[in-house]
Amino acid sequence: MDKLVLGRRIRFFRKERGLTLEGLGELVNMLPSQLSLIENGKREPKLSVLQALAEAFELELSELVANRPPDERSRLELDVERAQSSELYAGLNLPRLGSTKGLSDDVLRVIAGMHRELERREVEASLTPEEARRANTELRLWLRERNNYMPELEEAADRLMSNVEPARGALAHHTVAKLAKHLGFELIYVNDLPDSTRSITDLENGRIYLPPASIPGGHGLRAMALQAMAHRVLGHNRPRDYADFLRQRLEINYFAAACLMPRDRSVAFLAEAKKRRDLAVEDFRDAFGVTHEAAALRMTNLLTSHLDIPLHFLRVNDQGAIMKVYENDGLPLPEDVTGSIEGQFVCRKFSARRAFERTNRTTETYQYTDTPQGTYWCSTQTGHTTRGEFSITIGAPFDEARWFRGREGSGRLTSTCPDDPTCCRTAPKELNERWAMKAWPSARVHAHVFSPLPSGDFPGVDQREVVEFLDRHDRRE
């Protein structure tokens, strides 16, 4: 519950019934000072108090705690109060308004509107490709310091999962639906989600809209539903900037993975595999019924923090560009001037790229690679989507390869990237001489390099499509 909204609703119903704080306190056996704290959003009442208040107002409990301002005046006061509590307002070094009781509705609209415009301009200024890359780099370095392990999210997932029977194998779709119901949501599968969204949560009516359940490999729907629930479980608010947006996306992905692959069961499974010296992404994937990528990423959460194995993860597209990356083992990778790795091209000698050359891709590719930073072993699996092919790689330093399946009989290559352009970036001397001044390639330019990211509360989301979708389905329901 939003404590500010709840407080305004209690105050509204109290005044509507002509009650003073003292009079209401006598009805619910509370001190007026305690009720004042609740009305001002400074204290969250217990369920027993809410039930007593609902009875005093002769309301259903659901009506008392509905997450919406009780009237237009309350909405305006809340908008102004939240505006003055923001970091942006604090940076203006302006005095705070005291009570807004004496201000007209029009004055409150002007104050709230001006702050929304300030916020819009602040967000728009930060939504550039460079800022996005910088924010992503800072997040990657932050994760490296923590070995990609966040115990607070593990515990949040464990608390939610304690509300259903423990799964012996993969988490079932109907169990995910039970978790949603526990949080007050219904999962609804629709065909007309806006293209810019993966899911939409209707907080007003307690609905989570997802793509059709008939999507091939429907395990992805479990993750999307859990990610949508995570915003509520983790208490997320609208992102302040792009860095906050990326942090929230990371947290919901991590939370969903911790539900699908619970920590205790996962660590036990991986520890047993390490004991046998038979760690493999494909076994971990199959044990929990998730994608190869989800299993590999989950291993980066747990292998270092619980089994002392440093490692790296790469998702690379069929052109060799790095789409996702994590490493805490020193693997040398290319960076741009902002320190960002995503979008850079991985060495042609790496298994992440060489795997595309194989004709039989049903099994994983294993390889040792000698680099200026040492020798690394890795395992790579390819896949494809409507946007093209990709590879998923997980690897570790040479000394840690002894714990993994595929360590024996692997090929071995040498890479001197990224500092040595002759490794795989520059053409051989004889070819350069053959074609010097005889060719004029026309480069493909990606428009997003020059364009700012879409503005709005959630970068990349078409807000008009979303609200039209919600209105359409609200009327349909």
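Counting from 1, residues in each chain are numbered in the order their sequence is written. A pLDDT threshold of at least 70 governs which residues receive local features in this predicted model, and a stricter bar of 80 or more applies before side-chain atom pairs are shown or counted, although totals over entire chains, interfaces and linings include all residues. No hydrogens and no water enter the side-chain calculation; it runs on all heavy atoms of the structure.

Novice: Just checking my understanding: could you explain the packing of helix α9 (residues 129-145) against helix α13 (residues 242-260) for this structure?
Specialist: Relative orientation and spacing of two packed helices are given, respectively, by the angle between their axes and the distance between those axes. For the pair α9 and α13, the least separation of the axes is 9 Å and the interaxial angle reads 45°. On the basis of the axis angle, α9 is oblique to α13. Seen from above, α9 lies across α13 with right-handed handedness. Side by side, α9 and α13 meet where Ala-132, Ala-135, Asn-136, Leu-139, Trp-142 and Leu-143 of the first sit next to Tyr-242, Ala-243, Leu-246, Arg-247 and Leu-250 of the second. Classifying every residue of the contact of α9 with α13 by side-chain character gives nine nonpolar, one polar and one charged. To obtain each axis, a line is fitted to C-alpha atoms, and for helices this fit is confined to the stretch in contact; angles are then taken between N-to-C directions over 0 to 180 degrees. The numbering of helices and of strands both runs from the N terminus, where a helix is a DSSP run of H or I of at least 4 residues and a strand a run of E of at least 2. Convention used here: angles under 35 degrees read as roughly parallel, angles over 145 as roughly antiparallel, angles from 65 to 115 as roughly perpendicular, and any remaining angle as oblique. Each crossing gets its handedness from the near helix: less than a right angle anticlockwise from the far helix is left-handed, clockwise is right-handed. A contact between two residues is defined here by any heavy atoms of the two lying within 4.5 Å. Residues are grouped as follows: nonpolar covers Ala, Val, Leu, Ile, Met, Phe, Trp, Tyr, Cys and Pro; charged covers Asp, Glu, Lys and Arg; every other residue, Gly included, is treated as polar.

Novice: What is the right way to read the layout of surface pockets from this model?
Specialist: Space left empty within the atom packing is revealed by a probe, the size of a water molecule, rolled over the atoms. The pocket and cavity definitions rest on a 1 Å grid over protein atoms only: a 1.4 Å probe that fits but cannot leave marks a cavity, an open set with protein on both sides within 12 Å along at least five of seven lines marks a pocket, and residues lining either have an atom within 4 Å of a point. Grid points are joined across faces, edges and corners, and a volume is the space filled by probe spheres set on the points. Empty space within the second largest pocket amounts to approximately 440 Å³. Looking at the second largest pocket, it is lined by 18 residues, and the ones nearest its centre are Arg-8, Arg-11, Glu-77, Glu-81 and Thr-100. Mapped onto the lining of the second largest pocket, the elements with two or more residues apiece are α1 (3-16) and α6 (72-84). Here the residues of the lining of the second largest pocket are counted per class, giving two nonpolar, six polar and ten charged.

Novice: Please explain the sheet that holds strand β5 (residues 322-327) as it appears in this structure.
Specialist: Sheet strands line up and pair through hydrogen bonds in the backbone, either parallel or antiparallel. Two strands qualify as a pair provided DSSP detects at least 2 bridges between them. Pairing is mixed across the open sheet formed by six strands, whose spatial order is β5-β4-β8-β7-β6-β9. Single-partner strands in this sheet number two, and they are β5 and β9 (411-414). Neighbouring strand axes in the sheet, compared pairwise and without regard to direction, differ in orientation by 25° on average. Sheet topology note: the strand β7 (residues 374-385)/strand β8 (residues 388-397) ladder contains ten bridges and is antiparallel. Directly across from Thr-382, in β8, lies its bridge partner Ser-391.

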